[in-house]
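Structural description and commentary
What follows is each chain in one-letter form.
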Amino acid sequence: MRVYISIDMEGISGIATMDQIVRGGHGYPRSQRLMTAEANAAIEGAFEAGADSVLINDSHGTMDNLLHEELDPRARLIFGTPKLDCMAEGISAEHDVAMFLGYHAAAGSPGVLSHTYSSHFYEVRLNGSLVSEAEVNALQAAAVGVPIGLLTGDDVICGVAEKAFPGVRTVAVKVAHGHTAADSLSPSEARRQIREAAAATVRGAADLAPLRMPDVLELEIDMPSTPAAELGALIPGIRRIADKTLAGSFTTPAELLGCVSVCYHLAADAMISRMALFGRRA
């Protein structure tokens with residue numbers, strides 16, 4: 001039994017503010033410990049239930065957040081960025097089940113620290129509907145035949161997962177009270193529930209099925225500025241369908257994610273340039 005884990009930070013218990021999730025924030029070092037502890041809870045549960053191996057992909061921000069020396073030594077870790085498959089880097093047909101830990105809701109929807117890949121995207125839509133990172137990453141898993149067995153995060157993304165992923169288990173470690181406010185379980189209780197859910201997921205993995213892959217993946221991204229959209233329209237195959245909106249059609253999740261990754265950097269560069277102008281003094 002081979003287990004794959006993708007772990008983000010915004011959906012970890014005890015985390016709800018920007019200061020906690022951005023490197024350099026006063027709360028960030030504590031968030032690293034909280035994130036690492038929830039990773040260990042899932043790893044422990046997986047091995048308790050008979051897993052032969054666990055591969056975990058650090059999927060938040062700079063993707064080097066987990067404290068390596070505190071991580072369960074039985075797991076292997078992928079970290080650093082950029083990675084071609086981003087939050088699903090390393091998943092393969094050899095894996096029997098995937099777990100998404102610490103996930104959050106989509107840009108344009110309620111939820112703690114909700115966004116889709118970039119905090120600068122206003123909305124990301126797939127086949128006409130708002131889409132979360134979990135749903136895109138689940139399609140990447142489906143492309144290699146791997147089902148999603150467990151998702152943890154706030155109540156909003158857990159509700160999305162329960163509708164989107166057949167047979168998935170969820171652990172809502174907090175209830176959203178706003179974009180940067182939450183009612184959270186204690187970290188110790190969240191870890192207990194994650195450990196038990198991870199074990200149950202491994203035991204029931206044989207009954208899970210991957211998502212069905214749509215025939216076409218129609219992507220739309222609302223960029224943060226007109227110049228960012230103008231630059232994005234230079235990507236081959238990408239259309240600018242409104243002042244700040246880019247669109248493209250893809251046949252594989254990897255192609256779609258490649259477009260998202262390039263637009264991510266264009267959006268960030270556009271916002272950095274704008275903030276430098278705002279910071280000028282006469």
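Anyway, here's the lowdown on the structure attached to this text. (Residues numbered from 1 in each chain as written. Predicted model: local features only at pLDDT ≥ 70, side-chain atom pairs only at ≥ 80, totals over all residues. Heavy atoms only, no water.)

1. Quick notes on the sheet that holds strand β5 (residues 123–126)
Sheet strands line up and pair through hydrogen bonds in the backbone, either parallel or antiparallel. With antiparallel pairing, 5 strands are arranged side by side in an open sheet as β6-β5-β10-β12-β11. Bordering the open sheet on either side are β6 (129–130) and β11 (239–242), each of which pairs with just one other strand. Sheet analysis places β11 next to strand β12 (residues 245–250), joined by 3 bridges and oriented antiparallel. Bridging from a neighbouring strand, arginine 240 pairs with leucine 246 of β12. (Pairing = 2+ DSSP bridges. Helix = DSSP H or I, 4+ residues; strand = E, 2+ residues; numbered from the N terminus.)

2. Examining the packing of helix α2 (residues 28–48) against helix α5 (residues 187–203)
One way to put it is that α2 packs onto α5 with a least axis distance of 7 Å and a crossing angle of 35 degrees. For the pair α2 and α5, the sense of crossing is right-handed. Side by side, α2 and α5 meet where Leu34, Ala37, Glu38, Ala41, Ala42, Glu44, Gly45, Ala46 and Glu48 of the first sit next to Pro187, Ala190, Arg191, Ile194, Arg195, Ala198, Ala199 and Val202 of the second. Its residues assigned to classes, the contact of α2 with α5 comprises 11 nonpolar, 1 polar and 5 charged. (Axes fitted to C-alpha atoms, helices over the stretch in contact; angles between N-to-C directions. Left-handed = near helix turned anticlockwise from the far one by under 90°. Contact = heavy atoms within 4.5 Å. Nonpolar A, V, L, I, M, F, W, Y, C, P; charged D, E, K, R; others polar.)

3. Quick notes on the state of the cysteines
Here a disulfide denotes a covalent bond joining the sulfur atom of one cysteine to the sulfur atom of another. A complete count under the given rule lists 0 disulfides for this structure. Cysteine 259 supplies the cysteine sulfur nearest to cysteine 86, a cysteine that is in no disulfide, at a spacing of 13 Å. On the basis of relative accessibility, which here comes to 14%, the residue cysteine 86 falls in the buried class. Sulfur of cysteine 259: no disulfide; nearest cysteine sulfur belongs to cysteine 263 and is 4.1 Å away. (Disulfide = S-S within 2.5 Å. Buried < 20%, exposed > 50% of the residue type's maximum accessible area, 1.4 Å probe, protein only.)

4. Considerations on the environment of proline 214
With respect to the secondary-structure elements, proline 214 resides in the loop between α5 and β10 (217–222). Along the chain, proline 214 and threonine 251 lie 37 residues apart, while their C-alpha atoms are 8.5 Å from each other. The contact partners of proline 214, leaving out residues within four places of it in the chain, are Asn127 and Leu139.

5. Quick notes on the side chain of histidine 104
When you line up the elements, histidine 104 lands in the loop between β4 (97–103) and β5. For histidine 104, the side chain forms a polar contact with the side chain of glutamate 133, separated by 2.9 Å. Discounting chain neighbours no more than four positions away, the residues touching histidine 104 are Asp8, Glu10, Val112, Leu113, Ser114, His115, Ser132, Glu133 and Ile157. (Polar contact = N/O pair within 3.5 Å; in protein donor to acceptor, adjacent residues only side chain to side chain.)

6. As for unusual backbone geometry
Residue threonine 81 is joined to proline 82 through a cis peptide bond whose omega torsion reads 5 degrees. The topology assignment puts proline 82 in the loop between β3 (76–78) and β4. With a phi angle near 50 degrees, cysteine 86 is a residue other than glycine that sits in the positive phi range. Checked against the element boundaries, cysteine 86 lands in the loop between β3 and β4.

7. Some details on helix α4 (residues 155–164)
Because each turn of an α-helix spans 3.6 residues, side chains separated by three or four positions end up pointing in the same direction. Among the residues of α4, Ile157, Cys158 and Ala161 are the ones counted as buried. Taken around the axis of α4, the buried residues stretch over an arc of 105 degrees, which confines them to a single face. On the buried face of α4, the contacting elements are β4, α3 (133–143), β7 (148–154) and β8 (169–178). (Arc of directions from axis to C-beta.)

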